[in-house]
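# Secondary and tertiary structure notes
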Amino acid sequence: MVRQLKRRLSIGVLGVLALSLASCGGSSESTGEETTVVESTVAESTLSGNLTWWSDWTIEQTEAYIKVFNLKHPGIKVEYTRSDDGEMFDKFGTESKAGTLDADIVIIGWDGFSRMWEADGLLLKHPSVEEAAFPVELYGVGGAWHTYGALLEGICYNKDVLEEKGLEVPTAWEDLADPQYKGQIVMQDPLKVGSGAHDLMIETRVYWDDDVRWEKFWAGYGANKVVIQPSYTEAQQQVVQGNFGILGLCYLDYIQAAVAEGAPIVFVAADPVITVPFTVNIPISAPNPENAKAFVDFILSAEGQAEVANLVGQVPGRPGAPFPEAAKIADGVPQQPALGTPRAAAEYKDNAQYYVDQAKVWFNLR
């Protein structure tokens, strides 16, 4: 049921991880790093000044959320930079060491990143007043980081393309290995984007617990001449534009903007649906720490969590928060927390290179 799904996502997606895995991220408008300023138009203010936000949400999601945040804190001018998680993680580490990091808030798509930053002393502890509403596993010691929600991963297809070519609708991960889809699948590069595509290899192996089945699937998937794109954004756009019929690994919240604009895209909640925890973090060197704390308090509040569901389309971590309408498609489908089981975590920690090597073989990558 929906409530059961929400409970699994809010308290079950969190592995006790310290992983350097590049996560999913993308924008329906562009790729790479972009900086934009969104200013409040409301007159009154309780706090004032600037807030620099590193976001891995889409541009549309980020700007919509800034508007509702500014209704609460109209005096804060928010400047955001959006990029994919792998790029953001690397930049965070490099600039932290150099003492040049300018972010006040970092939202990133993997709790393992936050655990690493916490262990390295790179995060400002903020025991938010909203923490009491969350399960303890959703935030770091002393409020060093907070998991505010999770996204769902499945398969997406362009129904117009499949109808035109007379292809069946995929309903399971293993359908991606069906020869009928040869040349019709696009996917982000697992060696460049990381987590999403890379994690799927680990999660299917762990979930099925059958290496013969697992190897047959991935070899068949690769044999379908999957077209690899440098980023998730580019892969998604190829399906939205009708250049391919299937997006092999699709992020439910990211695809919603295209669906809302009329794109003939359908999300398949394949068994298992992969759930990815997203965190909000304040760097210890944040130039505007009080404004950053206000942002954290807002996104964890009942109001802020409702907007995580309504504007961002992710499943809020706060029990009792609204459930995203689009995510109801996954109601009753088994969930697999991304690297959130002991075996999956161990596979990445001990055998990450093996999966890289296999991806190179199966998808002819370099």
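Residues numbered from 1 in each chain as written. Predicted model: local features only at pLDDT ≥ 70, side-chain atom pairs only at ≥ 80, totals over all residues. Heavy atoms only, no water.

### Focus: the overall build of the protein chain
Per the secondary structure count, the protein chain includes twelve helices and twelve strands. Burial statistics for the protein chain: of 366 residues in total, 58% are counted as buried. Accessible area of the protein chain: about 14200 Å², with a carbon and sulfur share of 50%. (Helix = DSSP H or I, 4+ residues; strand = E, 2+ residues; numbered from the N terminus. Buried < 20%, exposed > 50% of the residue type's maximum accessible area, 1.4 Å probe, protein only. Areas by Shrake-Rupley, 256 points an atom, 1.4 Å probe, with all protein chains shown as cover.)

### Some words on the state of the cysteines
Tallied over the full model, the rule gives one disulfide. Here C156 is linked by a disulfide to C250, with a sulfur-sulfur distance of 2.2 Å. In this structure, the disulfide formed by C156 and C250 twists by about -60° around the S-S bond and is classed as left-handed. Here C250 lies in strand 8 (residues 246-251) and C156 lies in strand 5 (residues 145-158), a separation of 94 residues in the sequence. Across the pair, exposure class does not vary: C156 and C250 are buried alike. (Disulfide = S-S within 2.5 Å.)

### Brief notes about unusual backbone geometry
Excluding glycine, residues mostly have negative phi values, and the peptide bonds linking residues are mostly trans. In this structure, the amide linkage connecting D271 to the following residue, P272, adopts the cis form with an omega of 0°. Mapped onto the elements of the fold, P272 is located in the loop between strand 9 (265-268) and strand 10 (273-281). In this structure, D209 takes a positive phi of about 55° despite not being glycine. With respect to the helices and strands, the residue D209 is situated in the loop between helix 6 (195-208) and helix 7 (211-223). With a relative accessible area of 57%, D209 lands in the exposed category. For L339, which is not glycine, the phi torsion reads 50° and is therefore positive.

### Details of the pattern of salt bridges
This model, assessed by the stated rule, comprises nine salt bridges. Among the ionic contacts, a cluster of salt bridges with common partners joins R205, D211 and E347. (Salt bridge = Lys/Arg side-chain N within 4 Å of Asp/Glu carboxyl O.)

### Focus: helix 7
With 13 residues, helix 7 extends 18 Å between its outermost C-alpha atoms, agreeing within 8% with the 18 Å of an ideal straight helix rising 1.5 Å per residue. Along helix 7, the residues that are buried comprise W214, F217, W218, G220, Y221 and G222. The backbone nitrogen of V212 lies 3.2 Å from a side-chain oxygen of the residue at the head of helix 7, namely D210. Note on helix 7: the residue one or two positions beyond its end, K225, has a positive phi of about 55°. (Expected span 1.5 Å × (residues − 1). Polar contact = N/O pair within 3.5 Å; in protein donor to acceptor, adjacent residues only side chain to side chain.)

### Quick notes on the nonpolar core
Considering soluble globular proteins, one finds that nonpolar side chains tend to be buried as a cluster. Counting 105 residues, the largest nonpolar core has W53, Y65, I105, I107, W173, F295 and I299 as its most contacted members. With residues near it in sequence (within four places) discarded, I107 still touches W53, W54, S55, D56, W57, M88, Y148, F278, T279, V280, F295 and I299. (Core = buried A, V, L, I, M, F, W, Y, C linked by side-chain atoms within 4.5 Å. Contact = heavy atoms within 4.5 Å.)

### Here's the deal with the packing of aromatic side chains
Evaluated as defined, the whole model comprises 28 aromatic pairs. Measuring from ring centre to ring centre gives 5.2 Å for F69 and F295, while their planes differ by 55°; the resulting arrangement is tilted. On the criterion of sequence distance, the pair formed by F69 in helix 2 (residues 59-72) and F295 in helix 10 (residues 289-300) is long-range, its members being 226 residues apart. A residue is classified by how much of its surface remains accessible, and F69, at 0% relative accessible area, is buried. The aromatic ring of W214 is capped on one face by R205, whose charged end is 4.8 Å from the ring centroid. (Phe/Tyr/Trp six-rings, centres within 6.5 Å; stacked < 30°, edge-to-face > 60°. Lys NZ or Arg CZ within 6 Å of the ring centre and 35° of its normal.)

### Overview of helix 8 (residues 232-240)
Residues that lie three or four places apart on an α-helix share one face, since the helix turns once every 3.6 residues. What helix 8 keeps buried is the set Y232, T233, A235, Q236, V239 and V240. Down the axis of helix 8, the sector holding all buried residues measures 165°, keeping them to one side. The secondary structure elements touched by the buried residues of helix 8 are strand 5, strand 6 (185-188), strand 7 (227-229), strand 8, helix 9 (252-260) and strand 9. Within two residues after helix 8, G242 carries a phi angle of roughly 85°, on the positive side. (Arc of directions from axis to C-beta.)

### Digging into the environment of W110
The residue W110 is located in the loop between strand 4 (105-108) and helix 4 (111-119) in this model. Once the C-alpha coordinates of W110 and T279 are considered, the two residues, 169 residues apart in sequence, prove to be 6.7 Å apart.

### Digging into the packing of helix 2 against helix 11 (residues 302-312)
Running from N to C, helix 2 and helix 11 point in directions that differ by 145°, and their axes come no closer than 10 Å. The two elements helix 2 and helix 11 cross, and the hand of that crossing is right-handed. Contacts between helix 2 and helix 11 pair Q61, A64, Y65 and V68 from the former with G304, E307, V308, L311 and V312 from the latter. (Axes fitted to C-alpha atoms, helices over the stretch in contact; angles between N-to-C directions. Left-handed = near helix turned anticlockwise from the far one by under 90°.)

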